[in-house]
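Residues per chain, in single letters:
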Amino acid sequence: MTKTHLVLLHAPSVYDFRKESILYGPVSDVVPSTTVFEMYPIGFTTLAEHLERHGFRVRIVNLAVRMLNDAKFDVDKQIRPLCPDAFGIDLHWLPHAHGALEMAKMVKKHHPHTPVIFGGLSATYYHQELMDYPAVDYVIRGDSTEEPLLQLMRCIVEGNDPHEVPNLTWRDGQGRIQINPLTYSPENLDHILIDYGYVVKAVGRYRDLANFVPFQRWLGYPITAALTCRGCRHNCLTCGGSARAFREFYGRARPAYRAPEALAQDIRNIQRFSKGPIFVLGDIRQAGIDHAERFLKAIEGFDGQLMFEFFGPSSRDFLQKMGQAVPNLVLEISPESHSEEVRHAFGRNYSNGELEDTIGYALEAGCQRLDLFFMIGLPRQTYQTVMETVDYCDHLLRRFDKRGDRTPTVHPFISPLAPFLDPGSLAFEEPEAHGYRLFHRSLEEHRQALLSPNWKYVLNYETEWMNRDEIVASTYEAGLRLNSTKARYGLIDRQRAEAVEKRIRKAINLVRQIDDIVSITEDGRRSRLLAALKPQVDAANLSTVCDKRELELPLGWLKLNIPQAALLLLSDLIAKAMKGVKRAVNKGV
Ligand code: B12
Ligand code: SF4
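The sections below set out a description of the structure shown in this document. Here the structure is a predicted model, which is why all the values come from computation and not from measurement. (Residues numbered from 1 in each chain as written. Chains lettered and ligands numbered in written order. Predicted model: local features only at pLDDT ≥ 70, side-chain atom pairs only at ≥ 80, totals over all residues. Heavy atoms only, no water.)

1. Observations concerning helix α7 (residues 146–158)
- Over its 13 residues, α7 runs 18 Å from end to end, which matches the ideal 18 Å to within 8%, given 1.5 Å per residue.
- By the burial criterion, the buried members of α7 are Glu146, Pro148, Leu149, Leu150, Leu152, Met153, Cys155 and Ile156.
- Once α7 finishes, Gly159 follows within two positions and takes phi at roughly 75°, a positive value. (Helix = DSSP H or I, 4+ residues; strand = E, 2+ residues; numbered from the N terminus. Expected span 1.5 Å × (residues − 1). Buried < 20%, exposed > 50% of the residue type's maximum accessible area, 1.4 Å probe, protein only.)

2. Section: unusual backbone geometry
- That bond from Ala418 to Pro419 is cis: its omega, 5°, falls within 30 degrees of zero.
- Take Pro419: it is sitting in the loop between β15 (410–416) and α16 (426–429).
- Despite not being glycine, Arg207 shows a phi value in the positive range, around 45°.
- Despite not being glycine, Arg380 has its phi angle at roughly 70°, a positive value.
- Turning to its location among the elements, Arg380 is positioned in the loop between β14 (369–376) and α15 (383–400).

3. Things to note about the pattern of salt bridges
- As enumerated under the stated definition, the model contains 38 salt bridges in all.
- Among the ionic pairs, Arg399 bridges to Glu356, the shortest N-O distance being 2.6 Å. Of this pair, Arg399 sits in helix α15 while Glu356 sits in helix α14 (residues 352–364), and the two are 43 residues apart along the sequence.
- By relative accessible area, Arg399 is classed as partly exposed at 43%.
- Judged by relative accessible area, which is 9%, Glu356 ranks as buried.
- The closest approach of N and O atoms between Arg488 and Asp394, which form a salt bridge, is 3.0 Å. Here the residue Arg488 occupies a position in helix α19 (residues 468–488), and Asp394 occupies one in helix α15, the gap between them amounting to 94 residues.
- Note on Arg488: relative accessible area 40%, which makes it partly exposed.
- For Asp394, a relative accessible area of 12% corresponds to the buried category. (Salt bridge = Lys/Arg side-chain N within 4 Å of Asp/Glu carboxyl O.)

4. A short note on the site of ligand 1
- Neighbouring ligand 1 are 41 residues, the closest being Ser33, Leu94, Ser122, Thr145 and Asp422.
- One of the backbone nitrogen or oxygen atoms of Gly241 is found 2.9 Å away from a nitrogen atom of ligand 1.
- Within the backbone of Ala418, one N or O atom sits 3.0 Å away from a nitrogen atom of ligand 1.
- Of all elements in the fold, only α1 (43–53), β3 (86–90), β4 (116–119) and α5 (121–125) reach the threshold of two or more residues within the shell around ligand 1.
- Partitioning the shell around ligand 1 into residue classes produces 20 nonpolar, 15 polar and six charged. (Near = heavy atom within 4 Å. Polar contact = N/O pair within 3.5 Å; in protein donor to acceptor, adjacent residues only side chain to side chain. Nonpolar A, V, L, I, M, F, W, Y, C, P; charged D, E, K, R; others polar.)

5. Thoughts on the packing of helix α12 (residues 316–325) against α14
- With their axes 8 Å apart at the nearest point, α12 and α14 run at an angle of 30° to one another. Of the possible angle classes, the one that applies to α12 and α14 is roughly parallel. Between α12 and α14 lies a crossing of right-handed hand. Two secondary-structure elements touch here, α12 through Arg316, Leu319 and Gln320 and α14 through Thr358, Tyr361, Ala362 and Glu364.
- Residues of the contact of α12 with α14, tallied by class, amount to three nonpolar, two polar and two charged. (Axes fitted to C-alpha atoms, helices over the stretch in contact; angles between N-to-C directions. Parallel < 35°, antiparallel > 145°, perpendicular 65-115°, else oblique. Left-handed = near helix turned anticlockwise from the far one by under 90°. Contact = heavy atoms within 4.5 Å.)

6. Quick look at the site of ligand 2
- The environment of ligand 2 is formed by Cys232, His234, Cys236, Cys239, Ser242, Phe311 and Arg348.
- The residue makeup of the shell around ligand 2, split by class, is four nonpolar, two polar and one charged.

7. So, the packing of aromatic side chains
- What the rule picks out here adds up to 13 aromatic pairs.
- A ring pair is formed by Phe246 and Tyr250, whose centres lie 5.3 Å apart and whose planes are at 75°; its orientation type is edge-to-face.
- According to the relative accessible area criterion, Phe246 is buried, its value standing at 7%.
- Classification of Tyr250 as buried rests on a relative accessible area of 3%. (Phe/Tyr/Trp six-rings, centres within 6.5 Å; stacked < 30°, edge-to-face > 60°.)

Remember that the coordinates give geometry; whether it matters functionally is a separate question.
As structure tokens, this is what we get:
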């Protein structure tokens, strides 16, 4: 088989999650991943596609999902035989601070002379600190690293110093840290391809589906994503992906948008192999209504399930146009709190009236499902306001989804801002000014915090209005209340509601038990007691405040378009065979 030049590794959040007894809490209840955060960045596919287009062979290895799927999966055995020119590891999300660094150590153990490259938003933020870890050789900074990575790979293969590679932090021959300027930040997303064609082909090439699966349940629920932009126009207080964070830390002055027609084509390309829902990431109205309407025109008649997120209210006219263009329309809005004061302090300036008008327009336009996300850990938010948010959900369900009337459309969720307040966010950078208190700041502090036995201690913040105990307690209480509200309105059946309630109560008990154990001063006894709790802790770790399956849309039995995927694979093989024939002809064979 042709040599692989680069292996992209995705680590679990905490490397030895299979051994550690940690109550991770409801940190991932409203995303497709488990608490291991096994989903790799969408950028893995654009990086791989870009490098392959320029002659490099790239393989994705999702170690997190492999470890999750198989308790006996041997990570050493997977890494040892790999011998690429370089390994890439994502530290995009800070919750991977522990796993990503452990993975780098393991790579160096087996391949001491193979370079290890880090990248992602958190790696960018902590690039200098990352160089303190001997297992890290390079950090490529910024949100668009396809081109810098290509240039670095050329340097690695040709044995040149990467002085000219933009966005690169590295160690030179004398061991000095070099920080090349962060100058590569393309103005649009025309240079990348986000159609997963690379993934389908690579699965065939390496006969290896297991390592490319983006998250544990993906084969049963193959949701994919299309990317509208990199960056954001907004400045939500706790978000490390805000306009300000991009400007100050990731080298991006303004968002880079995917051309509307290209975005529509990405979506149609995805439909060639997947019949699952496609999540259009980023509000399509960010680049202006004209841009959004061009997209609607280009996507008109698309019959798959398309999920869109709105960062704020919408006009009736725009929703009508959406409904006409996309018959299987699904929407997501995150009002964060029912309290306009809290929402405003968070950075979202719209009223409940505008929110409810938007919900009404969406339903009128034929929206099949509308998810609403509320959060705990916000500025000016107290225990009491959290409970009132649940009451507001009741109000919304009463107003829009009267029991038994029809299949419920409005689905509210509530979850904590956890495990971390994002580095680079306004609240992280100026905590006191916004009523936040930080417990961990550096990468190393976060890495160590991830090993705490209970998510309460992992949290890197508390607020003037709620301490960590209250954030945890209000999360569980709100979870219990919303769960029974959902059962009342028929959003979940009785059985599911009872299971969720049981898990929440179990988690509340475990928090207490762990607190008692943590107060024991004798190390050995403390560790033994924590280890003994592991089976219960593991059982309480998944889907605590809601059942993760509540996020899923109903799908038909055929989720992957197998014949089309096979065709895509075959076309790759034929293209390769033709290349071989051409080479042979040129050589005069
Ligand atoms: C889309 C998105 C998601 C999607 C992810 C889809 C996916 N597979 O990537 C979903 C909804 C699943 C998600 C989940 C989470 N997210 Co999110 N997400 C975003 C969002 C809105 C956009 C991200 C984006 O634009 N990506 C595009 C670009 C920037 O990234 P990319 O193409 O994947 O990768 C490029 C670079 O990052 C870099 N790169 C990445 N990895 C590597 C590796 C190497 C070796 C190299 C060289 C380069 C490199 O190069 C890539 C290509 O150029 C941002 C907010 C924002 N405005 O940015 C938050 C954001 C990234 N998410 C965040 C968080 C906290 C999370 C969660 C942890 C939340 C939670 N508790 O559940 C989970 C983690 C899920 C997991 N890993 O399992 C924070 C991260 C803060 C931080 N520094 O840790 C952000 C900044 C804001 C936020 N709070 O939502 N998220
Ligand atoms: S949370 Fe706010 S700032 Fe962050 S990506 Fe969403 S809209 Fe932008």
